[in-house]
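Structure at a glance
Listed below are the residues making up each chain.
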Amino acid sequence: MSSSQPFQQSSPTATKRSRFTYRQLAHLAQSSTTCPLRVIAHIDLDAFYAQCEMVRLGVPEDTPLAVQQWQSLIAVNYPARKFGISRMITAKEARKLCPEAILQHVATWKEGDEKWAYHKDAFANMATHKVSLDPYRLESRKILACMKGCLPADLQRVEKAGIDEVFLDLSAQVHSILLQRYPELSSPHDDPAEFLPLPPTTVLDWQADALVDLDASETEDDDPDWDDVAILIGSEIVRDVRAAVRKELKYTCSGGIAHNKMLSKLGSAHRKPNQQTVIRNRAIQQFLSDFKFTKIRNLGGKLGSQIVATFDTETVSGLLEVPADRLKQKLGDDTGSWVYQTIRGVDQSEVNSRTQIKSMLSAKSFQPSINSREQASKWLRIFVSDIYARLVEEGVLENKRRPKTINLYCRHGGQTKSRQTPIPQGKVIDETILFDLASKILGQIILEGNVWPCANLSLSVTGFEDGVTGNMGIGGFLLKGDDAKAARENENRDVGEVEDRPGKRQKTERGERGIQGFFSPQGGGNEVDGLGETHEGGGDWPFDEGDNTTATHQITSPQRELKNASIESYFCKQCNESFLSNDSFQSHNDWHFAKDLQDEDRRLSHTPQPRPKPGPGNTKNKAGKNGRSGGSSAGKAEKGQSKLNFG
Ligand code: TTP
Ligand code: CA
Ligand code: CA
């Protein structure tokens, strides 16, 4: 389409005008979350870990390959899926289905080693090895950089939403392209409330995009309006981004282009692999009505189950029949209206370009369980090396970023106990400091009793904050030895000052961190050595006065169900998938567990999940022994999304 094509008449006699105003067009340039022309994309890598292995090993594209972790499969490429191989079956079963499939074990840290590696015998050595997801994290970073490189530096807004996915707010870029292509749009007008002329009545060229059918009340004969044109331009941008990732790094990914994050995320999963789906505004209802609402971002998990139980329906179309008042009455005002809006395709959450790491986690599930402090300490050493290496990469030595808290979780008898302690400020973090802190909290958990046999140990550092950059930071870089140390200590003091300064920018940035990605479901990471890397920064635990470590709180494994033990089928409610072996199910469970830890603070403070009631056997009760609950991050709502409270 070009600007040489005639605009429809905009004289006072013309009856047809765009539904959109000049003001709304201007809002597009600002990526306003309420702008009706807004364009958001979600891009998700296809069979991500599997593609990483294919690229690393130089395997031809049509070769079936799955990524193995012990006896489970954690990622399966599309050629292997054709043989019926899935995450739900074991490596042994996969081998039967397709003897020539490549089953590549993930890299592991071997007890005593300084660095992870790909070990040929890893699958048989679960007791002495620990999974490393570093290779995937590194690829993830390259892909993110490549995507960013395709977008204009001054107009891009990219949110890393998990290890293999991003949200892009394309609004500002689309706005600039619209003005280039249709200079008439920038012609002078008297009143910002004036309606725009209609776009030229050309058929829009969607190329190979999967277009979601229009709502029943709409027809393809209706003239496109600017929201259609905007989304088309968005779709062109996504096609270019995907092509660049393919060309430069050899990865395929799928995209969803729509008016908001929630719709774009559903869109990217709609047709896979290597395709993109466009959900025009006129197609939203049609698109959503086919879904189970539990598939919608933030509507899975406990809230989803609660809604199914309350309203006796699983589908969006079923829930659409429930009046707003009833939703509010049953779910509370905020959650009720949020659900009401969401199933109608309304989502004003913003794309947050602050995609820095917010937490790091290193963990190990034990089969058989471990039974002594000595055994636990050995694993703590590995966790610390793992986390420390990543901290160094993240710039902790230069004080670019620094975690505030270290947390240890021990799973015993289906429940997870945890303790945490602040990482002392004013000192450069090193392995010894981390190990000593981890050992101290391990000792405390042990003192409280009931940790052996322990089925899973997880160590995390959280509460990452920006250190000081600028003069002091650079000084610290250039100095050596004691001078450097002194400079760094100064920097650390500065961190405190920056923290406390009630500057406007600081506030905004923290506000913006909000709930971004709290549902990044594909954070990645069984045996969790790191998940999606976008954990909420302010996620501190409540501190007991007079005791640096915090109260133990108990977290049970996320809600999963043993569906039919007699035929050994294990059902994950959250994913709606049945696992055929306990191993696969456990590995998937670990992945959820890790993700849930990562999302914990955000979920409690920002999502429409009902607060868990204290008591044994509940899920993720964060209340300490003194009954306090909630993290300090509470209250940081995503811009455009009101904070949701549950009583
Ligand atoms: P997903 O994006 O859910 O899946 P995928 O990329 O493997 O496949 P798709 O083409 O359907 O997007 O997860 C991203 C990575 O996270 C995946 O490659 C491996 C990891 N992962 C696990 O380790 N365990 C799990 O249970 C899931 C769901 C993902
Ligand atoms: Ca994926
Ligand atoms: Ca994903």
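This text follows the structure it describes.
A short tour of the structure in this document, coming up. (Residues numbered from 1 in each chain as written. Chains lettered and ligands numbered in written order. Predicted model: local features only at pLDDT ≥ 70, side-chain atom pairs only at ≥ 80, totals over all residues. Heavy atoms only, no water.)

1. Details of the sheet that holds strand E3 (residues 72–76)
Let me state the cut-off plainly: For two strands to pair, DSSP has to find at least two bridges joining them. Starting at the N terminus, helices and strands are each numbered in turn, a helix being any DSSP run of H or I of at least four residues and a strand any DSSP run of E of at least two. To get an axis, a line is fitted to the C-alpha atoms, and for a helix only the part in contact is used. The angle between two axes follows their N-to-C directions and goes from 0 to 180 degrees. Contacts are assigned to residue pairs with any non-hydrogen atoms lying within 4.5 Å of each other.
The strand order across the open sheet formed by three strands is E3-E2-E4, and the pairing between neighbours is mixed. Of all the strands in the sheet, the pair left with one neighbour each is E3 and strand E4 (102–105). Between one strand and the next, the sheet's axes are offset by a mean angle of 35°, whatever the strand orientation. One ladder, built from four bridges, connects strand E2 (residues 65–69) with E4; its direction is parallel. Counterpart to Ala-66 in the pairing with E4 is Leu-103. Those strands touched by helix H2 (residues 48–57) are E2, E3 and E4, and its axis lies near 110° from that of E2.

2. A few points about empty space enclosed by the protein
Test applied: A 1.4 Å probe that fits but cannot get out identifies a cavity on a 1 Å grid over protein atoms alone, an open set with protein on both sides within 12 Å along at least five of seven lines counts as a pocket, and a residue lines either if it has an atom within 4 Å of a point. Grid points are joined across faces, edges and corners, and a volume is the space filled by probe spheres set on the points. When residue character is reported, Ala, Val, Leu, Ile, Met, Phe, Trp, Tyr, Cys and Pro are called nonpolar, Asp, Glu, Lys and Arg charged, and the others, Gly included, polar.
Scanning the entire structure with this criterion turns up six cavities of 30 Å³ or more. Approximately 60 Å³ is the volume attributed to the second largest cavity. Around the second largest cavity sit Leu-45, Ser-140, Ile-143, Leu-144, Met-147, Lys-160, Gly-162, Ile-163, Asp-164, Glu-165 and Val-166, which together line it. Taken together, the elements giving at least two residues each to the lining of the second largest cavity come down to helix H5 (134–149), strand E7 (158–162) and strand E8 (165–169). Among the elements that take part in the lining of the second largest cavity, H5 stands out by supplying four residues, more than any other. Here the residues of the lining of the second largest cavity sort into six nonpolar, two polar and three charged.

3. Some points on the coordination of the calcium ion (ligand 3)
Test applied: Counted as donors are N, O and S atoms no farther than 2.8 Å from the metal, or 3.2 Å for Na, K and Ca; water is not among the atoms, and sites may therefore look incomplete. Exposed residues in this analysis have more than 50% of their type's maximum accessible area, buried residues have under 20%, and partly exposed residues fall in between, with area computed by a 1.4 Å probe over protein chains only.
At this site the calcium ion (ligand 3) is bound by Asp-44 (OD), Asp-164 (OD) and Glu-165 (OE), with donor distances of 2.2 to 2.4 Å. A separation of 3.5 Å is found between the calcium ion (ligand 3) and the calcium ion (ligand 2), which share Asp-44 as a coordinating residue. Of this pair, Asp-44 sits in strand E1 (residues 40–45) while Glu-165 is found in strand E8, placing the two residues 121 residues apart along the sequence. For the residue pair Asp-44 and Glu-165, the accessibility class agrees, reading buried in each case.

4. Looking at the pattern of salt bridges
Operational definition: A carboxyl oxygen of Asp or Glu within 4 Å of a side-chain nitrogen of Lys or Arg is what we treat as a salt bridge.
In this structure the tally under the stated criterion is 24 salt bridges. When the shortest N-O distance is used, the salt bridge between Arg-19 and Asp-225 registers 3.8 Å. Linking Arg-19 in the segment before helix H1 (22–29) with Asp-225 in the loop between strand E9 (210–211) and helix H7 (226–249), this pair joins segments that are 206 residues apart in sequence. In this structure Asp-225 comes out as buried when scored by relative accessible area, which is 7%. Of the charged contacts in the structure, one is a salt bridge between Arg-19 and Asp-227, with a shortest N-O distance of 2.9 Å. Pair noted here: Arg-19 is in the segment before H1 and Asp-227 is in helix H7, with a separation of 208 residues, a long-range link. One network of salt bridges, with partners in common, ties together Arg-19, Asp-225 and Asp-227.

5. Some words on the sheet that holds strand E10 (residues 253–258)
Ordered in space as E7-E8-E1-E10-E11-E9, the six strands form an open sheet in which the pairing is mixed. Across the chains shown, the open sheet's two edge strands, defined by having one partner strand only, are E7 and E9. The strands that H5 touches are E1, E7 and E8; relative to E7, the one it contacts most, it runs at about 155°.

6. Points about the coordination of the calcium ion (ligand 2)
The coordination sphere of the calcium ion (ligand 2), as far as protein atoms go, consists of Asp-44 (OD), Leu-45 (O) and Asp-164 (OD), spread over 2.2 to 2.3 Å. Along the chain, the residues that donate to the calcium ion (ligand 2) are spaced as D-L-x118-D.

7. Points about the packing of helix H6 (residues 171–181) against H7
For clarity, the cut-off: Roughly parallel here means an angle under 35 degrees, roughly antiparallel means over 145, roughly perpendicular means 65 to 115, and every remaining angle is called oblique. Left-handed describes a crossing whose near helix is turned anticlockwise from the far helix by less than a right angle; the clockwise case is right-handed.
Where H6 contacts H7, the two axes come as close as 10 Å, and the packing angle between them is 110°. The pairing of H6 with H7 is recorded here as roughly perpendicular in orientation. In the packing of H6 onto H7, the handedness of the crossing is right-handed. On H7, the residues touching Gln-173, Val-174, Ile-177, Leu-178 and Arg-181 of H6 are Trp-226, Val-229, Ala-230, Ile-233, Gly-234, Glu-236 and Ile-237.

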